[in-house]
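Below are the chains, spelled out letter by letter.
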Amino acid sequence: MATANSAIQTAINGVNKVNPFGNINAPQLSIPSLNALQNVTLPTDFQDALTKLNASLPSVSVLKHTINDM
């Protein structure tokens, strides 16, 4: 959020340099608290499904070899 606020401020400063109608005030985005997410857990079956999916995907080297063989 700090990066977004900085980018917005930089853009507004650039506009204000050429704006003949007065300065524009940049909005500041607040950083939300993520404390509510500390106790979030994924169900075991969901984690197992992701692990199974990951195991079924070919590696980059396998993909490269397959493409080279074509």
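Note that the structure is a prediction, hence the values are computed from the model and not measured.

*Asks:* For the confidence of the model for the protein chain, give the residues involved together with the corresponding values.
*Replies:* The pLDDT averaged across the protein chain works out to 88; a share of 100% of its residues lies at or above 70. Confidence, expressed as mean pLDDT per element, reaches its minimum in the protein chain at helix 1 (residues 2–18) with 87 and its maximum at helix 2 (residues 44–56) with 93.

*Asks:* Tell me about the side chain of N5, and name the residues and values.
*Replies:* For N5, the position within the fold is in helix 1. For N5, a relative accessible area of 12% corresponds to the buried category. The residues touching N5, leaving out its near neighbours within four places in the chain, are P27, Q28 and L29.

*Asks:* I'd like a rundown of the environment of F46, residues and numbers included.
*Replies:* In this fold, F46 is placed in helix 2. Given the relative accessible area of 40%, F46 is considered partly exposed.

Parameters at a glance
Residues numbered from 1 in each chain as written. Predicted model: local features only at pLDDT ≥ 70, side-chain atom pairs only at ≥ 80, totals over all residues. Heavy atoms only, no water. pLDDT = per-residue confidence, 0-100. Helix = DSSP H or I, 4+ residues; strand = E, 2+ residues; numbered from the N terminus. Buried < 20%, exposed > 50% of the residue type's maximum accessible area, 1.4 Å probe, protein only. Contact = heavy atoms within 4.5 Å.

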